[in-house]
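Working through the structure, step by step
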Amino acid sequence: MKGIKIIFWTLWRVWFYVLMAIPILVMFPFLILSILSEKGYPYFFKMARIWAKFILFGMGFFYKINKVQPLDFHKSYMIVANHTSMADIMLMLAAVKNPFVFVGKQELAKIPLFGFFYKRTCILVDRGCSKSRMEVFNQAQKRIDRGLSVCIFPEGGVPDDESVLLDSFKDGAFRLALEHQIPIVPITFADNKKRLSYTFFSGSPGLMRVKIHSIVETHGKTGADRKIIRDEVRETIYNQLVEFDSIN
């Protein structure tokens, strides 16, 4: 029985990468055209959402979104969520209709095909380089000026210990939100770790629950409020994870 599970998991993980490639290859000419100018990004974002949903449904995932408060399509937000899975990027794209850009690790740009578009559309950061972290502020300002939102996973990466429910939050997302005076949208992903964690021989098709929480306003607040806001947002996501776990 264990041998059958290992074969299933291996084929299923390989299928994940096949699914990543199929829509990119099909839409390749249109994706290229959409990244030739900044004005094309909203079209790229629409195609990215198709790509994300294709992968999620192809893997046997279906999602249920509970949205406490609607997002204004004409406003920029700082979107933050817990980070536990390779599917977090796809689920974020499926769950949020407002065009946004990810702030993500440079290492992901090395993934074949996916990395080509990733490094041309996302804000890349080398977490070990202070100059790179500062450049994120400049790049974020450009995107916000164009009416886009920004998405950051504030844990700074996926915890090595999968028993950790929610790691501590880094300051970057909250510094950016306060610096640019944009509201923060906390999001909780309940099942991504169970569905597709970074442990190779694990996961299964099934439900992915999403909670989009009430917007946290930053207007009129300063850097002195950063820690309070950061801890408030983390507590919101943590409490929701506990609640989700209690009704599993």
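Up top you'll find the structure we're talking about.
Read on for an overview of the structure. (Residues numbered from 1 in each chain as written. Predicted model: local features only at pLDDT ≥ 70, side-chain atom pairs only at ≥ 80, totals over all residues. Heavy atoms only, no water.)

Scanning the model with the defined rule gives two cavities of 30 Å³ or more in all. Its boundaries defined by the atoms lining it, the largest cavity holds a volume of some 260 Å³. For the largest cavity, the lining is made up of 19 residues, of which Phe44, Ala48, Trp51, Phe114 and Thr121 are closest to its centre. Contributing elements (two or more residues each) for the lining of the largest cavity: helix 3 (41-58), helix 4 (88-95), strand 3 (100-105) and helix 5 (114-121). Looking at the lining of the largest cavity residue by residue, the class counts come to 18 nonpolar, one polar and no charged. Taken as a whole, the second largest cavity holds about 40 Å³ of empty space. Lining the second largest cavity are Thr84, Val158, Pro159, Asp161, Glu162, Val164 and Lys193. Partitioning the lining of the second largest cavity into residue classes produces three nonpolar, one polar and three charged. (1 Å grid on protein atoms, 1.4 Å probe; cavity = no way out; pocket = protein on both sides within 12 Å on 5 of 7 lines; lining within 4 Å. Points joined across faces, edges and corners; volume = space filled by probe spheres on them. Helix = DSSP H or I, 4+ residues; strand = E, 2+ residues; numbered from the N terminus. Nonpolar A, V, L, I, M, F, W, Y, C, P; charged D, E, K, R; others polar.)

This brings us to the packing of aromatic side chains. Aromatic ring pairs are reported here in terms of the distance separating the ring centres and the angle at which the planes meet. Overall, the coordinates contain 17 aromatic pairs when judged by the stated rule. Where Trp51 meets Phe114, the ring centres are 5.7 Å apart and the plane angle is 20 degrees; that geometry is what we call stacked. Residue Trp51 is located in helix 3, and its partner Phe114 is located in helix 5; the two are separated by 63 residues in the primary sequence. Phe114 carries the same exposure label as Trp51, and that label is buried. Plain terms: the ring middles of Phe169 and Phe174 are 6.2 Å apart, the flat faces sit at 15 degrees to each other, and that makes the pair stacked. On the accessibility criterion, Phe169 (7% relative accessible area) is buried. With relative accessibility at 0%, the residue Phe174 sits in the buried group. Each member of the aromatic cluster is reached from another via a ring pair, and the members are Phe28, Tyr41, Phe44, Phe45, Phe100, Phe102, Phe116, Phe117 and Phe153. Looking at Arg13, its charged tip hangs above the ring of Phe200, at a distance of 5.9 Å from the centre. The ring centre of Phe116 lies 3.8 Å from the NZ or CZ of Arg120, which sits over that ring. (Phe/Tyr/Trp six-rings, centres within 6.5 Å; stacked < 30°, edge-to-face > 60°. Buried < 20%, exposed > 50% of the residue type's maximum accessible area, 1.4 Å probe, protein only. Lys NZ or Arg CZ within 6 Å of the ring centre and 35° of its normal.)

So, about the packing of helix 1 (residues 2-26) against helix 3. When two helices pack together, you describe them by how their axes are tilted relative to each other and by the distance separating the axes. In contact at an axis separation of 9 Å, helix 1 and helix 3 are set at 150 degrees when each is read in the N-to-C sense. In terms of axis orientation, helix 1 runs roughly antiparallel to helix 3. Helix 1 and helix 3 meet at a crossing whose hand is right-handed. Each of Trp15, Phe16, Leu19, Met20, Ile22, Pro23 and Ile24 in helix 1 lies in contact with helix 3, whose residues at this interface are Trp51, Phe54, Ile55 and Gly58. A per-class count over the contact of helix 1 with helix 3 returns ten nonpolar, one polar and no charged. (Axes fitted to C-alpha atoms, helices over the stretch in contact; angles between N-to-C directions. Parallel < 35°, antiparallel > 145°, perpendicular 65-115°, else oblique. Left-handed = near helix turned anticlockwise from the far one by under 90°. Contact = heavy atoms within 4.5 Å.)

Side chains that differ in sign of charge can pair as their charged atoms come close. Under the definition given, this model contains six salt bridges. Here Asp171 makes a salt bridge to Arg230, at a shortest N to O gap of 2.7 Å. Of this pair, Asp171 sits in the loop between strand 5 (149-152) and helix 7 (172-180) while Arg230 sits in helix 9 (residues 226-246); the two residues are 59 residues apart in sequence, bridging distant segments of the chain. Assessed through its relative accessible area of 24%, Asp171 is described here as partly exposed. We classify Arg230 as buried; its relative accessible area is 17%. (Salt bridge = Lys/Arg side-chain N within 4 Å of Asp/Glu carboxyl O.)

By size, the foremost hydrophobic cluster in this structure holds 77 residues, and its most contacted members are Trp51, Met78, Met92 and Ile187. Contacts of Ile187, omitting those with residues within four sequence positions, involve Ile79, Val80, Ala81, Asn82, Met92, Val96, Val210, Lys211, Ile212, His213 and Ile237. (Core = buried A, V, L, I, M, F, W, Y, C linked by side-chain atoms within 4.5 Å.)

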